[in-house]
Amino acid sequence: LGRGEVELWHRPGPMEGSVWVVFHKQEVIFIGDTVTVEKPPFVGEANIPAWLEALDDLRSPNLSTYRLISSRDCEVDRDQINAMARFLRKVQLRVDRVKKLGDSGAVFDKLAAELLSDYELSGSQRDRANLRLRVGIEDLYQKLYRVEIE
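Predicted model, so just to flag it, every value in this text is computed and none were measured. (Residues numbered from 1 in each chain as written. Predicted model: local features only at pLDDT ≥ 70, side-chain atom pairs only at ≥ 80, totals over all residues. Heavy atoms only, no water.)

(A) Looking closely at the side chain of arginine 59. Here arginine 59 shows up in the loop between α1 (48-58) and β4 (67-70). A polar contact is formed between the side chain of arginine 59 and the side chain of asparagine 82, at a distance of 2.8 Å. Among all residues touching arginine 59, those that are not within four sequence positions of it are Arg78, Ile81, Asn82, Ala85 and Arg89. (Helix = DSSP H or I, 4+ residues; strand = E, 2+ residues; numbered from the N terminus. Polar contact = N/O pair within 3.5 Å; in protein donor to acceptor, adjacent residues only side chain to side chain. Contact = heavy atoms within 4.5 Å.)

(B) Highlighting unusual backbone geometry. The phi torsion at glutamate 27 lies on the positive side, around 55 degrees, for a residue other than glycine. Within the secondary structure layout, glutamate 27 lies in the loop between β2 (19-23) and β3 (28-32). Residue arginine 146 is not a glycine yet carries a positive backbone phi of 50 degrees. For arginine 146, the location among the structural elements is in the segment after α4 (123-145). On the accessibility criterion, arginine 146 (75% relative accessible area) is exposed. (Buried < 20%, exposed > 50% of the residue type's maximum accessible area, 1.4 Å probe, protein only.)

(C) A look at the packing of helix α2 (residues 78-101) against α4. It is at 11 Å that the axes of α2 and α4 come closest, and there the two elements cross at 60 degrees. Our classification of the angle between α2 and α4 gives oblique. Helix-helix and strand crossings are classified by hand; for α2 and α4 the assignment is right-handed. Across the interface between the two elements, Phe87, Val91, Gln92, Val95, Asp96, Val98 and Lys99 of α2 pack against Leu133, Ile137, Leu140, Tyr141, Leu144 and Tyr145 of α4. Split by residue class, the contact of α2 with α4 holds 10 nonpolar, 1 polar and 2 charged. (Axes fitted to C-alpha atoms, helices over the stretch in contact; angles between N-to-C directions. Parallel < 35°, antiparallel > 145°, perpendicular 65-115°, else oblique. Left-handed = near helix turned anticlockwise from the far one by under 90°. Nonpolar A, V, L, I, M, F, W, Y, C, P; charged D, E, K, R; others polar.)

(D) Quick peek at α1. Buried within α1 we find Ile48, Ala50, Trp51, Leu52, Ala54, Leu55 and Leu58. The secondary structure elements touched by the buried residues of α1 are β2, β3, β4, α2 and α4. For α1, the N-terminal cap is asparagine 47; the gap from its side-chain oxygen to the backbone nitrogen of alanine 50 is 3.1 Å.

(E) Up close: the side chain of serine 70. On the secondary structure map, serine 70 appears in strand β4. Exposure remark for serine 70: the relative accessible area of 5% places this residue in the buried category. Reaching out from serine 70, the side chain makes a polar contact with the backbone oxygen of valine 35 at a distance of 2.7 Å. Of note is the side chain of serine 70, whose polar atom sits 3.4 Å from the backbone nitrogen of aspartate 73. Contact partners of serine 70, with chain neighbours within four places excluded, come to Ile31, Gly32, Val35 and Val76.

(F) Focus on the nonpolar core. Counting residues in hydrophobic clusters, the biggest one holds 39 residues, and the most contacted among them are Ile29, Leu55, Leu58, Leu88 and Ile137. Looking at this core, the elements that each hand over two or more residues are β2, β3, α1, α2, α3 (107-116) and α4. Broken down by element, this core gets its largest block of residues, 8 residues, from α2. Those residues within four positions of isoleucine 29 in sequence are excluded, and the remaining contacts are Trp9, Trp20, Val21, Val22, Leu63, Tyr66, Arg67, Leu68 and Ile69. (Core = buried A, V, L, I, M, F, W, Y, C linked by side-chain atoms within 4.5 Å.)

Listed below in structure tokens is the structure:
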């Protein structure tokens with residue numbers, strides 16, 4: 001990337017300590033796990049409202065000329081940012097619905113499978129992503145509602 005100043009921007013969302021690495025001169029931002037494309041993100045440590053704000057930042061006109069580099073999927077574009085925002089809103093709505101219905105337990109398996117349908121994965125990759133997503137949803141649920149799942 002050559003010489004130039006580097007800025008670190010705190011952008012919680014995937015985790016409270018998430019940071020972007022910004023190279024203004026080169027118009028490049030390394031955005032960590034803010035956007036994942038090929039596989040669903042781990043949501044167990046997520047702050048979804050802050051994550052959605054971070055995605056709004058990425059869509060701002062101030063960053064329209066910047067290349068956005070994800071830690072998992074290389075360069076990402078506006079459509080992929082929008083897809084991540086839709087996915088996170090869906091996670092939040094489904095987790096809230098579980099709380100309102102007062103039914104957890106086996107519902108997390110079904111919820112993970114439903115959310116995973118947004119991704120094209122097969123075989124063991126799908127199995128691992130499903131497990132990771134289910135565990136993340138359970139962790140998020142426990143974090144948000146301060147409950148233990150048996």
